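Chain and residue survey
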Amino acid sequence: MKIALADAIAYGENLLCAQDVPRDIARDVAEHLAESDRVGYTSHGLSILPNYARVLKDGFVRADGRLQLLTDNGSFLAFDGDNGFGQHVGKMAVQAAIARTQELGSCILTLRRSHHLGRMGHYGEMAAHAGLILLAFTNVINRVPTVAPFGGARACLTTNPLCFAGPLPGGRPPLIVDMATSAIAVNKARVLAAKGEQAPPGSLIDAEGKPTNDPHALFTDPPGALLPFGGHKGYAMGLVAELLAGVLSGGGTIQPDNPRQGVATNNMFAVLLNPQVDFNASWRTHEVDAFIDYLHACPPQPGVDRVQYPGEYEAANRALNHDAISFAPAIWANLKQLGDDLGVPAPAPLT
C-alpha cells in the first residue's frame, strides 16, 4: 500500500486532531512519524498511532501538553515535557538547545516527563542540519521493564536509546547513530509480530528466561524480555543512559518505587556542540572528509555492495521514498480501522 507523503502526514494529523490534540502538536507528531516511515523505521512511524489512541483514551498522555522551562543557566537548559507528545515537546526542546549552542558554542539539555520521544535520530538530524553535533541519552519509565540485564532471566530495564549525530562536509548526508541499547526496540518486536516474522537471534528470551526468536514472547502473560545488544557492553551503555537521562533530568529511573502505569515516558540528557568554533575549522573539515573517504575505500565483504557510515541508510531511504510511503497491509489495516473508528477518511492509495 503506497500513500503520498503529504496525504500520509495529513492523515496522521487528522487522526490526532480527532482525539482533541491541538493542530500544531498533531502536525509535529505526524511529520515526525511519517519521516520515520520515510527513512526506513516503520516501528517508529505512523503504525504507532493506534497505540497513541489507547494512551490518549486512558489519560496517560496530555493531548495539549507543552514544553515548560525549568532552568536556564546559559549553556544549560532544563525542561519539563508536561507529559505531552514527545515529538512536539522534544522538537521544541532541541530547537531551543540548537539556538543556545549557536549562540554560545555548546549546550547541555535535559528533558523530563515527555511521552514517547519517537525516533531519536530525528533530533540528531535537526542538530546536524544546523551544523551541530548532538549526543543524547534517553531512558524509559512509567511502564513495566522490557529488557533483561546481562545474565538476568527477567526484565529490569528498558530500551534506553542513545543517539549521536553530526554534519559531514562535501554535501554528504549527516552521520546519524540512533540505537536502542537493547538488541531490538519494543516497537520493532511489535512490528515483527504483526508481520508474522521472526526476531533476530540473541534478541529475546521467553518468560522462562530461555532464548527465543518469536517476537510474540514479549507480549505473553507473563512476558519474556528483550536482551541488551552486545551482551555486557550494551547492558553497560543502557545503565549509563538510565542514570544520565533519569537522574540528571529529575525524571527518575525504572526502579520500582517510581510509577509504572503502562505507558512510555521518556527523560533525556543531551549535549550539543558547535564543531567549528575555533581556528581549526578547516583542518577539522579536511580530516572528517578524508576519514569518510577512507571508510568508503574499504573493500566490501562478499555479498555486500559497499561500506557505509551510519546515516547513509536513512538518506538512501529518504531519496527512495521522496514523495510517498509504503505500508505493509496489516499496518495499513490498523491505521484505516483507527480512522474508521474516529470518523477520519483514509487517503486513497497511489496506483
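Residues numbered from 1 in each chain as written. Predicted model: local features only at pLDDT ≥ 70, side-chain atom pairs only at ≥ 80, totals over all residues. Heavy atoms only, no water.

Right, let's get into the overall build of the chain. Helix and strand counts for the chain come out as ten helices and twelve strands. Counting only C-alpha atoms and orienting by the principal axes, one finds that the chain spans roughly 60 × 50 × 45 Å. Counting across all 351 residues of the chain, residues that qualify as buried make up 49%. Here the chain has roughly 16,000 Å² of accessible surface; of this, 56% comes from carbon and sulfur atoms. Distance between charge centroids for the chain: 2 Å, based on 26 positive and 33 negative side chains. (Helix = DSSP H or I, 4+ residues; strand = E, 2+ residues; numbered from the N terminus. Buried < 20%, exposed > 50% of the residue type's maximum accessible area, 1.4 Å probe, protein only. Areas by Shrake-Rupley, 256 points an atom, 1.4 Å probe, with all protein chains shown as cover. Lys, Arg positive; Asp, Glu negative; His and termini not counted. Charge placed at Lys NZ, Arg CZ, Asp CG, Glu CD.)

By the criterion of burial, helix α5 (residues 120-129) is predominantly enclosed, with nine of the ten residues buried. Note on α5: the residue one or two positions beyond its end, Gly131, has a positive phi of about 85 degrees.

Another point: the domain arrangement of the chain. When its domains are assigned, the chain resolves into domain 1 (1-58 + 310-350), domain 2 (67-182 + 228-275) and domain 3 (281-309). If you look at the interface, domain 1 gives 23 residues, while domain 2 gives 20 residues. Summing both partners gives a buried area of about 1,700 Å² for domain 1 against domain 2, and 63% of it is carried by carbon and sulfur. For domain 1, the biggest contributors to the area lost against domain 2 are Asp28, His32 and Pro310; these three give 33% of the whole. Our enumeration of links across domain 1 and domain 2 arrives at two salt bridges. Residue Arg318 pairs with Glu125 through a salt bridge whose shortest N-O separation is 3.1 Å. (Domains from an automatic or database assignment. Contact = heavy atoms within 4.5 Å. Buried area = accessible area lost by both parts, 1.4 Å probe. Salt bridge = Lys/Arg side-chain N within 4 Å of Asp/Glu carboxyl O.)

We now examine the nonpolar core. Within the largest apolar cluster, 35 residues are counted, with the highest numbers of intra-cluster contacts made by Leu16, Val21, Leu46, Leu49, Phe85, Phe327 and Leu335. Mapped onto this core, the elements with two or more residues apiece are α1 (5-17), α2 (23-38), α3 (49-57) and α10 (329-342). Counting residues per element, this core draws most heavily on α1, at seven residues. By size, the runner-up hydrophobic cluster in this structure holds 21 residues, among which are Leu77, Ala93, Ala97 and Leu272. (Core = buried A, V, L, I, M, F, W, Y, C linked by side-chain atoms within 4.5 Å.)

Attention shifts here to the pattern of salt bridges. The final tally for this structure, using the stated rule, is 21 salt bridges. In this structure, the salt-bridge partner of Arg27 is Glu13, at a minimum N-O distance of 2.8 Å. Placement of the pair is Arg27 in helix α2 and Glu13 in helix α1, with a sequence separation of 14 residues. Overall, Arg27 belongs to the partly exposed group, its relative accessible area being 34%.

Reading across the sheet, the three strands line up as β9-β8-β10 and stay open at both edges, with antiparallel pairing between neighbours. The open sheet has two edge strands, β9 (211-212) and β10 (225-226), and neither has a second partner. In the sheet, strand β8 (residues 204-205) pairs with β10 via two bridges, with the strands oriented antiparallel. Within β10, the residue paired with Leu204 across the bridge is Leu226. (Pairing = 2+ DSSP bridges.)

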